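Chain residues, written in single-letter form:
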Amino acid sequence: MTSDRQSRGPLPNFDSSVFRPRRLAEEVVPLLRQSILSGTFAPGERLNEVELAAQLNISRPPIREALQALIGEGLVRTVAGRGTFVASFDLETVGHLAEVRRALECAAAGLAAVRAGDAALDELEKFLARTGDALGDAARPYPRDLDFHQQILEMSGNPKLVDTARAVTTQLQLARARSGGVPGRARTAYAEHHRIYRALRDRDPEAAAAAMADHLDAAQAHVRQLLHDRDSEESR
């Protein structure tokens, strides 16, 4: 019987011949991470080392190392006697992750208001303009390749904060993948991003942190409702 993974065919954008053997695991990690976050592998789906190795035309050890790295990121979990699975998050866990993200990103916004140079703020203004162009007048989802929050984290000037926030955000990204891209939230989020930007431009750390808190609270309430609706639908 052909599995769902086999029927999807080989994972894209991978040529094992161009990588040195000792770097295979390093190259497989981002490939599997993106496949998980994009929904190629669904939350709760089993990840079979033998099938993954066959699809990528490499041996099993790099696959095993890559999966261990993703376990460390919270994207993959192991179940004794059953195997390795894509992580799935209940509403309580999503709430806990959101609380951590809120604390980190509000701190980042406050720091950015003080530390970011004028040139960085000019770039952020241009970044928001590109986002507005990508959204257009139609009801479109927020463009995934334009990450406003990552910009703010980088502007905090604290690399440890950036790394910690990235790990939390990655897990939340997987949790939100279940809700899909919902266009109705995008324009509201864009307006909230502008409020954060204005506080940064005013060099007001308290206002920047408050604007970030309001934005993340609104986003989390939206995701929580979507996940609740999805769980209710699946339980019928």
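Residues numbered from 1 in each chain as written. Predicted model: local features only at pLDDT ≥ 70, side-chain atom pairs only at ≥ 80, totals over all residues. Heavy atoms only, no water.

Student: Which residues make up the overall build of the protein chain, and what values go with them?
Tutor: Secondary structure summary: the protein chain contains ten helices and three strands in total. N-terminal to C-terminal, the α/β element order of the protein chain is α-α-β-α-α-β-β-α-α-α-α-α-α. Within the protein chain, the proportion of its 236 residues that are buried is 43%. Pairs at least 24 apart in sequence give 73% of the contacts found in the protein chain among residues at least 6 apart. Of the roughly 12,600 Å² of accessible surface on the protein chain, a fraction of 50% belongs to carbon and sulfur atoms. (Helix = DSSP H or I, 4+ residues; strand = E, 2+ residues; numbered from the N terminus. Buried < 20%, exposed > 50% of the residue type's maximum accessible area, 1.4 Å probe, protein only. Contact = heavy atoms within 4.5 Å. Areas by Shrake-Rupley, 256 points an atom, 1.4 Å probe, with all protein chains shown as cover.)

Student: Describe helix α6 (residues 118–135), and please don't skip the residues or the numbers.
Tutor: The end-to-end C-alpha distance of α6, which contains 18 residues, comes to 26 Å, matching closely the 26 Å that a straight helix rising 1.5 Å per residue would cover. Every buried residue of α6 is accounted for by Leu121, Leu124, Phe127, Leu128, Thr131, Gly132 and Leu135. One side of α6 carries all its buried residues, which in axial view fall inside an arc of 140°. Away from the buried face of α6 by more than 90 degrees, exposed residues Asp118, Ala119 and Asp133 are located. Directly after α6, the chain includes Gly136, whose backbone phi takes a positive value near 65°. (Expected span 1.5 Å × (residues − 1). Arc of directions from axis to C-beta.)

Student: Tell me about the pattern of salt bridges, residues and numbers included.
Tutor: With the rule as written, the count across this model stands at twelve salt bridges. Residues Arg195 and Asp214 are paired through a salt bridge, measuring 2.8 Å at the closest nitrogen-oxygen approach. On the criterion of sequence distance, the pair formed by Arg195 in helix α9 (residues 183–201) and Asp214 in helix α10 (residues 205–234) is long-range, its members being 19 residues apart. (Salt bridge = Lys/Arg side-chain N within 4 Å of Asp/Glu carboxyl O.)

Student: Please set out unusual backbone geometry residue by residue, giving values where relevant.
Tutor: In this model, Asn57 sits at a positive phi of 60°, which is unusual for a non-glycine residue. In this fold, Asn57 is placed in the loop between α3 (49–56) and α4 (60–73). Phi angles above zero are rare outside glycine, and Arg203 is one such case at about 60°. Locating Arg203 in the fold gives a position in the loop between α9 and α10. When its relative accessible area of 32% is taken as the criterion, Arg203 is described as partly exposed.

Student: Give me the nonpolar core: which residues, what numbers.
Tutor: Ranked by internal contacts, the top residues of the largest apolar core, which has 59 residues, are Ile152 and Leu200. Per-element accounting of this core gives the leading share, eight residues, to helix α5 (residues 91–115). (Core = buried A, V, L, I, M, F, W, Y, C linked by side-chain atoms within 4.5 Å.)

Student: Now, about α5: what can you tell me, with residues and values included?
Tutor: Taking 1.5 Å of rise per residue, 25 residues should cover 36 Å, and α5 covers 35 Å from first to last C-alpha, within 8% of that figure. All of the buried residues along α5 are Val94, Leu97, Ala98, Arg101, Leu104, Glu105, Cys106, Ala108, Ala109, Gly110, Ala112 and Ala113.

Student: I'd love a proper account of the packing of α5 against helix α7 (residues 148–155), names of residues and values included.
Tutor: Interaxial distance between α5 and α7 falls to 7 Å at its minimum, and their mutual angle equals 60°. Considering the angle they form, α5 stands oblique to α7. The interaxial crossing formed by α5 with α7 has left-handed handedness. Of the residues in α7, those in contact with Arg101, Glu105, Ala108, Ala109, Ala112 and Arg115 of α5 are His149, Ile152, Leu153 and Met155. (Axes fitted to C-alpha atoms, helices over the stretch in contact; angles between N-to-C directions. Parallel < 35°, antiparallel > 145°, perpendicular 65-115°, else oblique. Left-handed = near helix turned anticlockwise from the far one by under 90°.)

Student: Which residues make up the confidence of the model for the protein chain, and what are the values?
Tutor: Of the residues in the protein chain, 78% have a pLDDT of 70 or more, and the chain-wide mean is 84. pLDDT under 50 marks residues 1–6. Its contacts with residues more than four places away, or in other chains, come to eleven contacts. (pLDDT = per-residue confidence, 0-100.)

Student: If you had to explain the sheet that holds strand β2 (residues 76–79) to someone new, which residues and values would you point to?
Tutor: The strands that make up a sheet pair up through hydrogen bonds in the backbone, lying either parallel or antiparallel. Read from one edge to the other, the open sheet built from three strands follows the order β1-β3-β2, with strand pairing classed as antiparallel. In the strand order of this sheet, the two ends are held by β1 (46–47) and β2, each with one partner. Relative to strand β3 (residues 83–86), β2 is paired through four bridges, and the arrangement is antiparallel. Note on β3: the bridge partner recorded for Val79 is Gly83. (Pairing = 2+ DSSP bridges.)

Student: Tell me about the environment of Ala69, and name the residues and values.
Tutor: Following the sequence through the fold, Ala69 ends up in helix α4. For the pair formed by Ala69 and Ala25, sequence separation is 44 residues and the distance between their alpha carbons is 9.1 Å.

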